[in-house]
Amino acid sequence: MTVNPVPRRPSSAAAPGKVILFGEHAVVYGRPAIAVPVAQVQATATVAAASAAGLEIRAIDLKRTFPLDQAPANDPLAAAIRVTLEHWQSPAPPAVLTISSTIPVASGMGSGTAVSIAIIRALSSYLGAVPDDELVSNLAYEVERLYHGTPSGIDNTVVTWNRPVYFSRDRSVQTLQIKTPFDLLIADTGVPSPTKMTVAEVRARWQNQPSHYEELFERIGQVTKAARVAIESGQVDQLGPLMTRNQLLLEQLGVSSPELESLAQAGLAAGADGAKLSGGGRGGNLIVLARPEARAAVRQALLQAGAPTVISTVVM
Ligand code: MEV
């Protein structure tokens, strides 16, 4: 497919953060998972014409400006630009592509994915093309594969569709109806979450003891299926215990950490209904379900237990 060569008008696109409510890691092995966008944090990309030849990348948060043709081979921003240009069979336009993001990095909130998706949308639109969601998600998945080895595809799916999703690798995307909206607290451990590493470690353990790990994945899948029923029927009171059960299974997979577990204990002791890590684990964010009457105390307890930030979001 070719793109419209002129005129080039400035283009912008934003993409949200995400949290995985249920099923991370097991989703890599074909079990379902549930993820929701988090609109409070966003990545934004803007493309505007420039007089110099070639494409310049301005990464505001990294305080770096560099030409695309001098980007290191493993630069993820350049990778998102390259997959987009290759798809539209376009040379790099003379333009500046500016990227900024409020999504915490390495926190399990999909910051890299959101940056890729904002770039893919803004650059496609600058080139005069209108990609549908499926294409955007597929291009973002290509970038994920360069950086995360064996991604399931849930991150690019939820961030592209910007809706709660029930995701299974072998099925088309299913959006999830949230019958009764509920609030989540997202507490940062302050420790980076090395998703690529935890995914690789789980794979190595699964290869050593396939039946044990298949059993854990299966149990996580059952928790996710039960959570789907609870979410779609508005039985929010069932979600807390399911989150805590999922957390225990993630501990058995070996992807939790003392920081995540001490935040979870603090939240539960202050009245939360459930808590679990979200994303790759080992660090990153803990998600905590708390009823309105307990929320202020739980938030305070998470901060006192060492969370540098706690974000509130409504799942709807
Ligand atoms: C990362 O957000 C979720 C994992 O399940 C990895 C993946 O699904 O690609 C840990």
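Structural data are supplied above this passage.
Keep in mind that this is a model prediction, so the values were computed, not measured. (Residues numbered from 1 in each chain as written. Predicted model: local features only at pLDDT ≥ 70, side-chain atom pairs only at ≥ 80, totals over all residues. Heavy atoms only, no water.)

Observations regarding the side chain of T189
So, step 1. With respect to the helices and strands, T189 occurs in the loop between β8 (182–188) and α5 (195–208).
So, step 2. Residue class for T189 comes out buried when judged on its relative accessible area of 10%.
So, step 3. Side-chain polar atoms of T189 contact the backbone nitrogen of V191, separated by 3.1 Å.
So, step 4. Within polar-contact distance, the side chain of T189 engages the backbone oxygen of G284 at 2.8 Å.
So, step 5. Setting aside its immediate chain neighbours within four residues, T189 contacts E259, L260, L263, G283, G284 and P308. (Helix = DSSP H or I, 4+ residues; strand = E, 2+ residues; numbered from the N terminus. Buried < 20%, exposed > 50% of the residue type's maximum accessible area, 1.4 Å probe, protein only. Polar contact = N/O pair within 3.5 Å; in protein donor to acceptor, adjacent residues only side chain to side chain. Contact = heavy atoms within 4.5 Å.)

Digging into helix α9 (residues 292–304)
So, step 1. Look at α9: 19 Å from first C-alpha to last across 13 residues, which is about the 18 Å you get at 1.5 Å a residue.
So, step 2. Turning to α9, its buried residues are A294, R295, V298, A301 and L302.
So, step 3. Check the buried side of α9 and you find it contacts β8, α8 (258–269), β10 (285–289) and β11 (310–315).
So, step 4. Positive backbone phi, at 115°, marks G306, one or two positions downstream of α9. (Expected span 1.5 Å × (residues − 1).)

Digging into the environment of D237
So, step 1. For D237, the position within the fold is in the loop between α6 (210–232) and α7 (239–253).
So, step 2. Judged by relative accessible area, D237 falls into the exposed class, the value being 63%.
So, step 3. Linking D237 and S152, residues 85 residues apart in sequence, is a C-alpha distance of 29 Å.

A few points about the packing of helix α3 (residues 133–148) against helix α4 (residues 154–161)
So, step 1. At their nearest, the axes of α3 and α4 sit 9 Å apart, and the two run at 145° to each other. In the crossing of α3 with α4, the sense of the turn from one axis to the other is right-handed. Where α3 approaches α4, its residues D133, E134, V136, S137, A140, Y141 and E144 are matched on the opposing element by D155, N156, T157, T160 and W161.
So, step 2. Tallied by class, residues from the contact of α3 with α4 come to four nonpolar, four polar and four charged. (Axes fitted to C-alpha atoms, helices over the stretch in contact; angles between N-to-C directions. Left-handed = near helix turned anticlockwise from the far one by under 90°. Nonpolar A, V, L, I, M, F, W, Y, C, P; charged D, E, K, R; others polar.)

Re the pattern of salt bridges
So, step 1. Considering all chains together, one arrives at 12 salt bridges under this definition.
So, step 2. With a closest N to O distance of 2.9 Å, K276 and E24 form a salt bridge. Remark: E24 occurs in the loop between β1 (11–22) and β2 (33–49) and K276 occurs in strand β9 (residues 274–278); sequence separation between them is 252 residues.
So, step 3. Relative accessible area serves as the criterion here: at 2%, E24 is assigned to the buried category.
So, step 4. Residues E218 and R31 are paired through a salt bridge, measuring 3.0 Å at the closest nitrogen-oxygen approach. Here E218, found in helix α6, pairs with R31, found in the loop between β1 and β2; they are 187 residues apart in sequence, far enough to count as distant.
So, step 5. By relative accessible area, which is 30% here, E218 ends up partly exposed.
So, step 6. According to the relative accessible area criterion, R31 is buried, its value standing at 13%.
So, step 7. Look at the salt bridges and you will find they share partners, linking R31, E214 and E218 into a network. (Salt bridge = Lys/Arg side-chain N within 4 Å of Asp/Glu carboxyl O.)

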